[in-house]
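Remarks on the overall topology
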Amino acid sequence: MRFDTVIIGGGLAGLLCGIRLSENGQRCAIVSRGQSALGFSSGSLDLLSHLPDGQPVRDLNSAIALLAQHHPAHPYALLGAERVRHYAQQTQTLLADCGLALQGDVDTPHLRVTPLGSFRRAWLSPAEVPLKPDVSQRTGVIGISGFPDFQPQLAAASLRKRGIDAHAEEIELPVLDTLRDNPSEFRAVNIARHLDAPEHFAALYDALHPLSQQYDVLYLPACFGLTDSSVFTQLNQQLACPLHLLPTLPPSVPGMRMQFLLQQRFIHSGGSWMPGDEVLHADIQNDRVTQLWTRKHEDIPLRARHVVLASGSFFSNGLIADRDRVREAVFDLDVLQCDKRSDWYRDDIFETQPWQQFGVQTDAQLHALRQGKAINNLYVVGSVLGGFDAIAQGCGGGVCAVTALHAAQQIAAQGGEQ
Ligand SMILES: Cc1cc2nc3c(=O)[nH]c(=O)nc-3n(C[C@H](O)[C@H](O)[C@H](O)COP(=O)(O)OP(=O)(O)OC[C@H]3O[C@@H](n4cnc5c(N)ncnc54)[C@H](O)[C@@H]3O)c2cc1C
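Along each chain, residues carry numbers from 1 onward, in the same order as the chain's sequence is written. Note on the predicted model: pLDDT of at least 70 is required for a residue's local features to be given, and 80 or more for side-chain atom pairs to be given and counted; whole-chain, interface and lining totals, by contrast, use all residues. Hydrogens and water molecules were not included; the side-chain quantities draw on all heavy atoms of the structure.

1. Considerations on the overall build of the protein
Starting at the N terminus, helices and strands are each numbered in turn, a helix being any DSSP run of H or I of at least four residues and a strand any DSSP run of E of at least two. When helices and strands are tallied, the protein shows 12 helices and 20 strands. Only C-alpha atoms enter the radius of gyration, while the globule expectation follows 2.2 Å times N to the 0.38, with N the number of residues. On C-alpha atoms alone, the protein measures out to a radius of gyration of 22 Å, which is about the 22 Å that the 2.2 N^0.38 rule sets for 418 residues. Counting only C-alpha atoms, the protein reaches 70 × 45 × 40 Å along its principal axes. Here the term buried applies to any residue with accessible area under 20% of the maximum for its type, exposed to any over 50%, and partly exposed to those in between, with areas from a 1.4 Å probe on protein chains only. A burial count over the protein gives 52% of its 418 residues as buried. Contacts in the protein between residues at least 24 apart in sequence constitute 65% of all its contacts with a sequence separation of at least 6. Only the protein chains shown count as cover for residues, and all accessible areas are computed by the Shrake-Rupley method using a 1.4 Å probe. Carbon and sulfur atoms form 49% of the exposed surface of the protein, whose accessible area is close to 17900 Å². Treating the 33 positive side-chain charges of the protein as one cloud and the 43 negative ones as another, the clouds have centres 4 Å apart. In this analysis, two residues are considered to be in contact whenever any of their non-hydrogen atoms come within 4.5 Å of each other. The positive count covers Lys and Arg only, the negative count covers Asp and Glu only, and His and the chain ends enter neither. For charged residues, the charge sits on one atom: NZ in Lys, CZ in Arg, CG in Asp, CD in Glu.

2. So, the UniProt feature "domain: FAD-dependent oxidoreductase 2 FAD-binding" (unreviewed entry) in the protein
UniProt positions are given in the numbering used here, feature names are shortened, and annotations may be inferred rather than shown by experiment. Here the UniProt feature "domain: FAD-dependent oxidoreductase 2 FAD-binding" (unreviewed entry) sits at residues 4-399. Along residues 4-399 the backbone is 29% helical and 23% strand, and the end-to-end C-alpha distance reaches 24 Å.

3. Structural notes on the pairing of strand β10 (residues 243-246)
Only strands that DSSP links by at least two bridges are regarded as paired with each other. With 4 bridges connecting them, strand β9 (residues 217-221) and β10 associate as parallel partners. Pairing of Tyr219 across the sheet is with His244, part of β10. With helix α9 (residues 230-238) bridging β9 and the parallel β10, this β-α-β connection has right-handed handedness. Looking down the strands as they point away from the viewer, one classifies a crossover as right-handed if the path from the first strand across the helix to the second runs clockwise.

4. Things to note about the packing of helix α1 (residues 12-23) against helix α12 (residues 396-414)
Note on geometry: axes are lines fitted to C-alpha atoms, helical ones only across the stretch in contact, with angles between N-to-C directions running from 0 to 180 degrees. Packing of α1 against α12 brings their axes to within 8 Å, and their N-to-C directions diverge by 30°. Our classification of the angle between α1 and α12 gives roughly parallel. Where α1 crosses over α12, the handedness of that crossing is right-handed. Residues Leu12, Ala13, Leu16, Cys17, Arg20 and Leu21 of α1 touch α12, and the partners they reach there are Gly397, Cys400, Ala401, Ala404, Leu405, Ala408, Ile411 and Ala412. Working definition: roughly parallel below 35 degrees, roughly antiparallel above 145 degrees, roughly perpendicular at 65 to 115 degrees, and oblique for all remaining angles. Crossings are assigned a handedness: left-handed for a near helix turned anticlockwise from the far helix by less than a right angle, right-handed for a clockwise turn.

5. Some details on the sheet that holds β9
Hydrogen bonds along the backbone pair up the strands of a sheet, which may run parallel or antiparallel. Strand order in the open sheet made by the 4 strands is β8-β7-β9-β10, with parallel pairing throughout. Edge positions in the sheet fall to β8 (165-171) and β10, since each has one partner strand and no second. Averaged over all pairs of adjacent strands, the angle between their axes in this sheet comes to 25°, without regard to strand direction. The sheet strands contacting helix α5 (residues 152-161) are β7 (138-144), β8 and β9, and the helix crosses β8 at an angle near 170°.

6. Concerning the pairing of strand β20 (residues 373-380)
In terms of strand pairing, strand β14 (residues 303-309) meets β20 through 3 bridges, oriented parallel. Along β20, the bridge assignment pairs Val308 with Tyr379. As paired elements, strand β19 (residues 367-370) and β20 share 3 bridges and run antiparallel to each other. Paired with His367 across the two strands is Tyr379, which belongs to β20. The hairpin turn running from β19 into β20, its antiparallel successor, is 2 residues long, and Gln371 in that turn takes a positive phi close to 50°.

7. A closer look at the site of the ligand
Ala37, Ser42, Ser316, Ser383 and Gly397 are the nearest of the 33 residues found near the ligand. Note that an oxygen atom of the ligand is positioned 2.9 Å from one of the backbone N or O atoms of Gly34. Burial of the ligand by the protein amounts to 87% of the accessible area it has alone, namely 1000 Å². Elements that contribute at least two residues to the shell around the ligand include exactly α1, β2 (28-32) and α12. It is α12 that provides the largest number of residues to the shell around the ligand, a total of 3 residues. Tallied by class, residues from the shell around the ligand come to 12 nonpolar, 17 polar and 4 charged. The cutoff for a nearby residue is simple: one of its non-hydrogen atoms must lie within 4 Å of the molecule or strand. We define a polar contact as two N or O atoms separated by no more than 3.5 Å, with the added condition that, inside protein, one atom must be a possible hydrogen donor and the other a possible acceptor, whereas residues neighbouring each other in sequence contribute only through side-chain atom pairs. Basically, the charged four are Asp, Glu, Lys and Arg, the nonpolar ten are Ala, Val, Leu, Ile, Met, Phe, Trp, Tyr, Cys and Pro, and anything else, Gly included, counts as polar.

8. Considering the sheet that holds β2
The strand order across the open sheet built from 6 strands is β11-β2-β1-β14-β20-β19, with neighbouring strands paired in mixed fashion. The sheet is open, and its two borders are formed by β11 (272-275) and β19, each paired with just one other strand. Pairwise comparison of adjacent strand axes, ignoring direction, gives a mean angle of 35° for this sheet. Across 4 bridges, the pairing between β2 and β11 is parallel. Of the residues in β11, the one forming a bridge with Val31 is Met274. Contacting β2 and β11, helix α10 (residues 253-268) runs over the sheet at an angle of about 135° to β11.

9. Remarks on the packing of aromatic side chains
Only Phe, Tyr and Trp rings are paired, with Trp represented by its six-membered ring, and only when their centres lie within 6.5 Å; those with planes under 30 degrees apart are stacked, over 60 edge-to-face, the remainder tilted. Evaluated as defined, the whole model comprises 5 aromatic pairs. Between Phe314 and Trp355, the aromatic rings sit 5.8 Å apart at their centres with planes inclined by 80°, giving edge-to-face as the arrangement. Of the two residues, Phe314 is situated in the loop between β14 and β15 (319-321) and Trp355 in the loop between β17 (335-336) and β18 (359-360); the sequence distance between them amounts to 41 residues. Note on Trp355: relative accessible area 33%, which makes it partly exposed. Between Arg162 and the ring centre of Phe119, over which it is positioned, the NZ or CZ distance is 5.9 Å. Our definition puts a charge over a ring when NZ of Lys or CZ of Arg is within 6 Å of the ring centre and also within 35 degrees of the ring normal.

See the structure below:
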(Lines give C-alpha, C1' and ligand atoms only; values in the text may rest on other atoms or scores of the structure.)
Protein backbone atom coordinates (compact mmCIF):
# COMPACT_ATOMS: atom_id res chain seq x y z
CA MET A 1 0.00 0.00 0.00
CA ARG A 2 1.37 3.38 -1.03
CA PHE A 3 0.94 6.72 0.68
CA ASP A 4 2.66 10.07 0.57
CA THR A 5 3.10 9.97 4.34
CA VAL A 6 2.52 7.30 6.96
CA ILE A 7 2.27 8.45 10.58
CA ILE A 8 2.90 5.99 13.38
CA GLY A 9 0.65 6.94 16.32
CA GLY A 10 -2.71 8.72 16.42
CA GLY A 11 -2.49 10.86 19.57
CA LEU A 12 -2.35 14.66 19.64
CA ALA A 13 0.93 14.88 17.69
CA GLY A 14 0.12 12.29 15.01
CA LEU A 15 -3.37 13.66 14.40
CA LEU A 16 -2.31 17.32 14.13
CA CYS A 17 0.41 16.36 11.67
CA GLY A 18 -1.98 14.12 9.71
CA ILE A 19 -4.73 16.75 9.49
CA ARG A 20 -2.30 19.37 8.23
CA LEU A 21 -0.91 17.01 5.56
CA SER A 22 -4.28 15.66 4.42
CA GLU A 23 -5.66 19.16 4.15
CA ASN A 24 -2.63 19.92 1.99
CA GLY A 25 -3.74 17.22 -0.45
CA GLN A 26 -1.36 14.48 0.67
CA ARG A 27 -2.36 10.80 0.77
CA CYS A 28 -1.76 10.25 4.41
CA ALA A 29 -2.32 7.26 6.72
CA ILE A 30 -2.20 7.07 10.51
CA VAL A 31 -1.56 3.66 12.06
CA SER A 32 -2.47 3.73 15.74
CA ARG A 33 -2.32 0.80 18.10
CA GLY A 34 -4.46 1.91 21.04
CA GLN A 35 -5.78 4.75 23.12
CA SER A 36 -3.63 7.85 23.26
CA ALA A 37 -2.71 10.02 26.25
CA LEU A 38 -5.54 12.42 25.33
CA GLY A 39 -8.17 10.20 26.95
CA PHE A 40 -6.25 10.52 30.20
CA SER A 41 -5.48 14.22 29.98
CA SER A 42 -7.28 17.29 31.29
CA GLY A 43 -8.15 18.54 27.80
CA SER A 44 -6.04 21.65 28.54
CA LEU A 45 -2.75 22.08 26.68
CA ASP A 46 0.42 23.51 28.19
CA LEU A 47 2.90 25.51 26.10
CA LEU A 48 5.75 26.33 28.50
CA SER A 49 5.00 27.11 32.14
CA HIS A 50 8.43 26.67 33.77
CA LEU A 51 12.08 26.59 32.83
CA PRO A 52 14.11 23.49 33.75
CA ASP A 53 15.38 25.30 36.89
CA GLY A 54 11.78 25.80 38.06
CA GLN A 55 11.54 29.52 37.22
CA PRO A 56 8.04 30.41 35.96
CA VAL A 57 8.03 31.56 32.34
CA ARG A 58 6.97 35.20 31.95
CA ASP A 59 8.06 35.79 28.37
CA LEU A 60 8.10 32.97 25.78
CA ASN A 61 10.82 34.43 23.56
CA SER A 62 13.35 34.96 26.32
CA ALA A 63 12.50 31.58 27.89
CA ILE A 64 13.23 29.80 24.61
CA ALA A 65 16.45 31.78 24.21
CA LEU A 66 17.50 30.46 27.64
CA LEU A 67 16.58 26.91 26.62
CA ALA A 68 18.71 27.27 23.48
CA GLN A 69 21.66 28.39 25.61
CA HIS A 70 21.45 25.83 28.42
CA HIS A 71 19.24 22.99 27.14
CA PRO A 72 19.95 22.66 23.41
CA ALA A 73 18.26 19.25 23.15
CA HIS A 74 14.88 20.73 24.13
CA PRO A 75 12.54 20.59 21.08
CA TYR A 76 11.80 24.31 21.46
CA ALA A 77 15.54 25.05 21.41
CA LEU A 78 15.84 23.03 18.17
CA LEU A 79 13.02 24.97 16.52
CA GLY A 80 13.66 28.47 17.92
CA ALA A 81 11.22 30.94 19.46
CA GLU A 82 9.87 32.32 16.20
CA ARG A 83 8.80 28.91 14.90
CA VAL A 84 7.39 27.81 18.26
CA ARG A 85 5.19 30.92 18.37
CA HIS A 86 4.20 30.53 14.69
CA TYR A 87 3.17 26.86 15.02
CA ALA A 88 1.43 27.48 18.35
CA GLN A 89 -0.70 30.14 16.67
CA GLN A 90 -1.41 27.79 13.75
CA THR A 91 -2.45 25.11 16.25
CA GLN A 92 -5.01 27.46 17.79
CA THR A 93 -6.61 27.99 14.36
CA LEU A 94 -6.46 24.31 13.45
CA LEU A 95 -8.08 23.19 16.71
CA ALA A 96 -10.84 25.79 16.29
CA ASP A 97 -11.42 24.52 12.73
CA CYS A 98 -11.82 21.03 14.19
CA GLY A 99 -14.74 22.28 16.30
CA LEU A 100 -12.85 22.56 19.58
CA ALA A 101 -13.95 25.63 21.51
CA LEU A 102 -10.84 26.53 23.49
CA GLN A 103 -9.94 29.59 25.54
CA GLY A 104 -6.39 30.94 25.75
CA ASP A 105 -3.66 32.27 23.51
CA VAL A 106 0.11 31.98 23.04
CA ASP A 107 0.74 35.37 24.57
CA THR A 108 -1.77 35.21 27.40
CA PRO A 109 -1.46 32.02 29.43
CA HIS A 110 -4.24 31.58 31.98
CA LEU A 111 -4.69 29.93 35.38
CA ARG A 112 -7.29 27.18 35.20
CA VAL A 113 -9.04 25.66 38.21
CA THR A 114 -8.06 22.00 38.65
CA PRO A 115 -10.36 19.28 40.06
CA LEU A 116 -8.36 19.58 43.31
CA GLY A 117 -9.34 23.23 43.63
CA SER A 118 -5.86 24.54 42.87
CA PHE A 119 -4.80 26.78 39.96
CA ARG A 120 -2.60 25.58 37.12
CA ARG A 121 -1.13 27.55 34.25
CA ALA A 122 -2.26 26.52 30.78
CA TRP A 123 -2.02 27.67 27.18
CA LEU A 124 -5.41 26.42 25.92
CA SER A 125 -8.34 25.08 27.90
CA PRO A 126 -11.81 23.89 26.89
CA ALA A 127 -14.27 26.79 27.03
CA GLU A 128 -16.19 25.17 29.90
CA VAL A 129 -13.15 24.99 32.23
CA PRO A 130 -13.22 27.69 34.96
CA LEU A 131 -10.38 30.18 35.11
CA LYS A 132 -9.06 31.56 38.42
CA PRO A 133 -12.23 33.10 39.81
CA ASP A 134 -13.13 36.38 41.36
CA VAL A 135 -12.88 35.91 45.17
CA SER A 136 -16.18 37.65 45.77
CA GLN A 137 -18.14 35.04 43.79
CA ARG A 138 -20.11 32.53 45.86
CA THR A 139 -19.15 29.25 44.21
CA GLY A 140 -21.07 25.97 44.42
CA VAL A 141 -18.84 22.93 43.80
CA ILE A 142 -21.19 20.09 42.98
CA GLY A 143 -20.58 16.37 43.17
CA ILE A 144 -22.80 13.65 41.73
CA SER A 145 -23.99 11.22 44.38
CA GLY A 146 -21.93 8.00 44.26
CA PHE A 147 -19.42 9.30 41.68
CA PRO A 148 -15.96 8.52 43.10
CA ASP A 149 -13.74 10.45 40.68
CA PHE A 150 -14.55 13.96 41.85
CA GLN A 151 -14.61 15.04 45.49
CA PRO A 152 -16.46 18.37 45.88
CA GLN A 153 -15.50 18.75 49.57
CA LEU A 154 -11.81 18.50 48.71
CA ALA A 155 -12.06 20.99 45.82
CA ALA A 156 -14.19 23.45 47.83
CA ALA A 157 -11.83 23.32 50.83
CA SER A 158 -8.85 23.93 48.59
CA LEU A 159 -10.60 26.87 46.89
CA ARG A 160 -11.49 28.35 50.30
CA LYS A 161 -7.78 28.20 51.26
CA ARG A 162 -7.20 30.38 48.19
CA GLY A 163 -9.74 32.93 49.37
CA ILE A 164 -12.70 31.75 47.26
CA ASP A 165 -16.12 31.54 48.92
CA ALA A 166 -16.68 27.92 47.81
CA HIS A 167 -19.13 25.34 49.17
CA ALA A 168 -19.57 21.65 48.41
CA GLU A 169 -22.95 20.39 47.23
CA GLU A 170 -24.22 17.11 45.84
CA ILE A 171 -26.95 16.24 43.35
CA GLU A 172 -28.86 12.98 43.06
CA LEU A 173 -29.41 11.81 39.51
CA PRO A 174 -31.68 8.74 39.53
CA VAL A 175 -31.30 8.50 35.71
CA LEU A 176 -27.81 7.13 36.45
CA ASP A 177 -29.03 4.31 38.73
CA THR A 178 -28.31 1.63 36.11
CA LEU A 179 -24.62 2.62 36.29
CA ARG A 180 -24.60 2.68 40.09
CA ASP A 181 -25.21 -1.10 40.19
CA ASN A 182 -21.56 -1.55 39.31
CA PRO A 183 -19.20 1.05 40.88
CA SER A 184 -16.48 0.38 38.29
CA GLU A 185 -18.97 1.50 35.60
CA PHE A 186 -19.70 4.78 37.38
CA ARG A 187 -17.07 6.75 35.46
CA ALA A 188 -17.24 10.13 33.71
CA VAL A 189 -17.35 8.67 30.21
CA ASN A 190 -20.19 6.25 30.98
CA ILE A 191 -22.12 8.98 32.79
CA ALA A 192 -21.64 11.22 29.73
CA ARG A 193 -23.19 8.57 27.48
CA HIS A 194 -26.37 8.96 29.57
CA LEU A 195 -26.33 12.71 30.18
CA ASP A 196 -25.59 13.58 26.54
CA ALA A 197 -28.91 11.94 25.58
CA PRO A 198 -31.60 14.63 25.03
CA GLU A 199 -34.16 12.68 27.10
CA HIS A 200 -32.01 13.12 30.23
CA PHE A 201 -31.52 16.88 29.93
CA ALA A 202 -34.59 17.74 32.04
CA ALA A 203 -33.38 15.60 34.97
CA LEU A 204 -29.97 17.28 34.92
CA TYR A 205 -31.50 20.74 34.64
CA ASP A 206 -33.97 20.06 37.47
CA ALA A 207 -31.14 18.95 39.78
CA LEU A 208 -28.99 21.99 39.02
CA HIS A 209 -31.57 24.75 38.79
CA PRO A 210 -32.21 25.23 42.56
CA LEU A 211 -28.44 25.45 43.16
CA SER A 212 -28.05 27.99 40.36
CA GLN A 213 -30.41 30.24 42.31
CA GLN A 214 -28.26 30.05 45.46
CA TYR A 215 -24.80 30.66 43.95
CA ASP A 216 -23.03 33.12 41.64
CA VAL A 217 -21.32 30.29 39.77
CA LEU A 218 -21.45 26.47 39.74
CA TYR A 219 -18.63 23.95 39.13
CA LEU A 220 -19.61 20.43 38.10
CA PRO A 221 -17.38 17.48 37.09
CA ALA A 222 -17.08 17.18 33.29
CA CYS A 223 -19.54 14.30 32.87
CA PHE A 224 -21.16 15.23 29.58
CA GLY A 225 -20.07 16.54 26.19
CA LEU A 226 -18.31 13.49 24.71
CA THR A 227 -18.66 14.73 21.13
CA ASP A 228 -19.88 18.35 21.42
CA SER A 229 -20.77 21.02 23.95
CA SER A 230 -24.51 21.24 23.28
CA VAL A 231 -25.62 20.13 26.80
CA PHE A 232 -23.19 22.61 28.36
CA THR A 233 -24.44 25.45 26.15
CA GLN A 234 -28.08 24.64 26.78
CA LEU A 235 -27.58 24.49 30.56
CA ASN A 236 -25.78 27.82 30.55
CA GLN A 237 -28.66 29.37 28.61
CA GLN A 238 -31.26 28.11 31.07
CA LEU A 239 -29.68 28.08 34.55
CA ALA A 240 -29.83 31.13 36.80
CA CYS A 241 -26.01 31.43 37.07
CA PRO A 242 -23.00 30.40 34.93
CA LEU A 243 -21.91 26.75 35.02
CA HIS A 244 -18.32 25.52 34.52
CA LEU A 245 -16.96 21.98 34.21
CA LEU A 246 -13.88 20.46 35.86
CA PRO A 247 -12.11 17.50 34.22
CA THR A 248 -12.22 14.38 36.38
CA LEU A 249 -9.78 11.55 36.98
CA PRO A 250 -9.27 9.54 33.76
CA PRO A 251 -10.96 8.64 31.54
CA SER A 252 -11.52 12.32 30.85
CA VAL A 253 -14.46 13.56 28.82
CA PRO A 254 -12.73 16.77 27.51
CA GLY A 255 -9.67 14.75 26.46
CA MET A 256 -11.79 12.14 24.69
CA ARG A 257 -13.74 14.86 22.90
CA MET A 258 -10.48 16.31 21.60
CA GLN A 259 -9.40 12.85 20.37
CA PHE A 260 -12.79 12.29 18.70
CA LEU A 261 -12.93 15.66 16.94
CA LEU A 262 -9.34 15.44 15.67
CA GLN A 263 -9.94 11.91 14.39
CA GLN A 264 -13.13 13.05 12.61
CA ARG A 265 -11.29 15.94 10.99
CA PHE A 266 -8.48 13.70 9.79
CA ILE A 267 -10.94 11.22 8.26
CA HIS A 268 -13.08 13.95 6.67
CA SER A 269 -10.01 15.53 5.13
CA GLY A 270 -9.36 12.26 3.31
CA GLY A 271 -6.87 10.61 5.67
CA SER A 272 -6.71 6.83 6.14
CA TRP A 273 -7.25 6.02 9.81
CA MET A 274 -5.93 2.56 10.73
CA PRO A 275 -6.89 1.96 14.36
CA GLY A 276 -5.91 -1.15 16.28
CA ASP A 277 -2.95 -1.86 14.03
CA GLU A 278 0.69 -1.37 14.97
CA VAL A 279 3.92 -0.89 13.11
CA LEU A 280 6.20 -3.72 14.19
CA HIS A 281 9.37 -2.92 12.28
CA ALA A 282 10.72 -1.13 9.21
CA ASP A 283 13.19 -1.54 6.38
CA ILE A 284 15.81 1.20 6.05
CA GLN A 285 18.10 1.61 3.03
CA ASN A 286 20.49 4.45 2.27
CA ASP A 287 19.31 6.41 5.29
CA ARG A 288 15.67 6.26 4.19
CA VAL A 289 12.75 4.23 5.49
CA THR A 290 11.56 2.17 2.52
CA GLN A 291 8.69 0.18 4.01
CA LEU A 292 6.81 -0.41 7.24
CA TRP A 293 5.47 -3.77 8.42
CA THR A 294 2.35 -3.86 10.55
CA ARG A 295 0.72 -6.58 12.64
CA LYS A 296 -2.61 -6.57 10.75
CA HIS A 297 -1.27 -6.16 7.22
CA GLU A 298 1.23 -8.97 7.75
CA ASP A 299 3.09 -9.47 4.44
CA ILE A 300 1.72 -6.30 2.78
CA PRO A 301 4.10 -3.47 3.64
CA LEU A 302 3.14 0.21 3.84
CA ARG A 303 5.32 2.34 1.56
CA ALA A 304 5.55 6.10 1.80
CA ARG A 305 7.81 8.91 0.75
CA HIS A 306 7.77 10.28 4.30
CA VAL A 307 7.26 8.63 7.66
CA VAL A 308 6.40 10.41 10.91
CA LEU A 309 7.02 8.74 14.26
CA ALA A 310 4.41 9.98 16.79
CA SER A 311 4.31 6.88 18.96
CA GLY A 312 4.28 8.62 22.35
CA SER A 313 6.49 8.14 25.35
CA PHE A 314 6.63 5.28 27.89
CA PHE A 315 2.90 5.71 28.49
CA SER A 316 2.12 4.50 24.93
CA ASN A 317 5.12 2.19 24.56
CA GLY A 318 6.81 4.44 22.03
CA LEU A 319 9.75 4.17 24.43
CA ILE A 320 10.57 0.93 26.26
CA ALA A 321 12.70 0.69 29.40
CA ASP A 322 14.80 -2.48 29.37
CA ARG A 323 17.03 -3.41 32.29
CA ASP A 324 20.05 -1.41 31.10
CA ARG A 325 18.80 1.01 28.50
CA VAL A 326 15.79 2.80 27.16
CA ARG A 327 15.03 2.03 23.53
CA GLU A 328 12.72 3.39 20.86
CA ALA A 329 10.38 0.54 19.92
CA VAL A 330 10.09 0.53 16.10
CA PHE A 331 13.38 1.75 14.58
CA ASP A 332 15.77 1.51 17.55
CA LEU A 333 16.61 5.21 17.16
CA ASP A 334 19.16 7.08 19.25
CA VAL A 335 17.63 7.87 22.63
CA LEU A 336 18.73 10.68 24.93
CA GLN A 337 19.19 8.96 28.33
CA CYS A 338 21.51 8.57 31.31
CA ASP A 339 23.92 5.66 31.02
CA LYS A 340 23.61 4.33 34.55
CA ARG A 341 20.21 3.04 35.58
CA SER A 342 20.64 4.51 39.06
CA ASP A 343 20.78 7.98 37.42
CA TRP A 344 17.42 7.48 35.68
CA TYR A 345 15.38 8.50 38.70
CA ARG A 346 15.56 10.33 42.03
CA ASP A 347 14.35 8.62 45.19
CA ASP A 348 12.09 11.52 46.17
CA ILE A 349 9.14 11.08 43.83
CA PHE A 350 8.23 14.77 44.16
CA GLU A 351 11.54 15.84 42.61
CA THR A 352 11.86 16.21 38.83
CA GLN A 353 12.74 12.81 37.40
CA PRO A 354 15.55 12.50 34.82
CA TRP A 355 13.70 9.73 32.93
CA GLN A 356 10.97 12.22 32.01
CA GLN A 357 13.44 13.83 29.59
CA PHE A 358 14.48 10.58 27.91
CA GLY A 359 13.42 10.33 24.29
CA VAL A 360 14.44 10.18 20.67
CA GLN A 361 17.20 12.45 19.41
CA THR A 362 16.78 14.39 16.17
CA ASP A 363 18.46 17.08 14.14
CA ALA A 364 16.98 20.58 13.92
CA GLN A 365 14.61 19.46 11.13
CA LEU A 366 13.30 16.71 13.45
CA HIS A 367 14.86 13.94 11.33
CA ALA A 368 15.41 10.88 13.49
CA LEU A 369 18.99 9.98 14.35
CA ARG A 370 20.18 6.37 14.30
CA GLN A 371 23.76 5.65 15.28
CA GLY A 372 24.38 9.36 14.91
CA LYS A 373 23.13 9.57 11.29
CA ALA A 374 19.93 11.28 10.20
CA ILE A 375 17.24 9.16 8.53
CA ASN A 376 16.20 11.65 5.91
CA ASN A 377 12.54 10.76 5.41
CA LEU A 378 11.74 9.93 9.05
CA TYR A 379 10.47 12.79 11.25
CA VAL A 380 9.91 12.46 15.00
CA VAL A 381 7.18 14.47 16.75
CA GLY A 382 5.42 14.65 20.10
CA SER A 383 6.15 13.01 23.40
CA VAL A 384 8.47 10.31 21.98
CA LEU A 385 11.02 13.14 21.59
CA GLY A 386 13.67 13.65 24.24
CA GLY A 387 15.02 16.75 25.95
CA PHE A 388 11.97 18.07 27.78
CA ASP A 389 9.94 17.29 30.90
CA ALA A 390 6.23 17.67 30.12
CA ILE A 391 5.24 17.70 33.79
CA ALA A 392 7.91 19.86 35.44
CA GLN A 393 8.12 22.35 32.55
CA GLY A 394 4.41 22.30 31.65
CA CYS A 395 5.03 21.94 27.92
CA GLY A 396 3.60 18.51 26.91
CA GLY A 397 0.78 19.65 24.62
CA GLY A 398 2.85 22.48 23.17
CA VAL A 399 5.79 20.25 22.22
CA CYS A 400 3.36 17.84 20.51
CA ALA A 401 1.62 20.58 18.56
CA VAL A 402 4.59 22.63 17.38
CA THR A 403 6.75 19.65 16.42
CA ALA A 404 3.80 18.05 14.57
CA LEU A 405 3.20 21.18 12.51
CA HIS A 406 6.91 21.72 11.89
CA ALA A 407 7.26 18.21 10.46
CA ALA A 408 4.10 18.66 8.38
CA GLN A 409 5.41 21.95 7.03
CA GLN A 410 8.67 20.39 5.87
CA ILE A 411 6.95 17.36 4.33
CA ALA A 412 4.40 19.53 2.52
CA ALA A 413 7.19 21.73 1.17
CA GLN A 414 8.77 18.66 -0.48
CA GLY A 415 5.52 17.54 -2.12
CA GLY A 416 4.13 14.04 -2.13
CA GLU A 417 5.20 12.22 -5.26
CA GLN A 418 6.09 8.54 -4.95
C1 LIG B 1 -1.60 10.54 31.42
C2 LIG B 1 -1.10 11.76 30.74
C3 LIG B 1 -1.77 12.98 30.90
C4 LIG B 1 -1.30 14.14 30.27
N5 LIG B 1 -1.99 15.32 30.43
C6 LIG B 1 -1.56 16.43 29.78
C7 LIG B 1 -2.29 17.66 29.89
O8 LIG B 1 -3.31 17.74 30.58
N9 LIG B 1 -1.82 18.76 29.21
C10 LIG B 1 -0.70 18.69 28.41
O11 LIG B 1 -0.32 19.69 27.79
N12 LIG B 1 0.00 17.54 28.31
C13 LIG B 1 -0.40 16.42 28.96
N14 LIG B 1 0.31 15.25 28.85
C15 LIG B 1 1.52 15.24 28.03
C16 LIG B 1 1.19 14.44 26.75
O17 LIG B 1 2.34 13.69 26.52
C18 LIG B 1 0.81 15.23 25.54
O19 LIG B 1 -0.04 16.27 25.83
C20 LIG B 1 0.18 14.44 24.39
O21 LIG B 1 -1.18 14.12 24.55
C22 LIG B 1 1.00 13.25 23.95
O23 LIG B 1 0.67 13.01 22.60
P24 LIG B 1 1.50 12.12 21.61
O25 LIG B 1 0.75 12.14 20.34
O26 LIG B 1 2.93 12.48 21.60
O27 LIG B 1 1.49 10.63 22.23
P28 LIG B 1 0.33 9.69 22.74
O29 LIG B 1 -0.87 10.43 23.11
O30 LIG B 1 0.97 8.82 23.76
O31 LIG B 1 -0.06 8.82 21.45
C32 LIG B 1 0.77 7.88 20.87
C33 LIG B 1 -0.06 6.89 20.10
O34 LIG B 1 0.80 6.05 19.34
C35 LIG B 1 0.35 4.71 19.41
N36 LIG B 1 1.50 3.84 19.12
C37 LIG B 1 2.63 3.65 19.86
N38 LIG B 1 3.46 2.78 19.23
C39 LIG B 1 2.86 2.42 18.06
C40 LIG B 1 3.21 1.55 16.99
N41 LIG B 1 4.35 0.86 16.98
N42 LIG B 1 2.33 1.41 15.95
C43 LIG B 1 1.16 2.10 15.95
N44 LIG B 1 0.77 2.92 16.95
C45 LIG B 1 1.61 3.09 17.99
C46 LIG B 1 -0.21 4.59 20.82
O47 LIG B 1 -1.09 3.49 20.93
C48 LIG B 1 -0.89 5.96 20.99
O49 LIG B 1 -2.21 5.92 20.52
C50 LIG B 1 -0.13 14.09 29.46
C51 LIG B 1 0.54 12.87 29.33
C52 LIG B 1 0.07 11.73 29.95
C53 LIG B 1 0.83 10.45 29.76
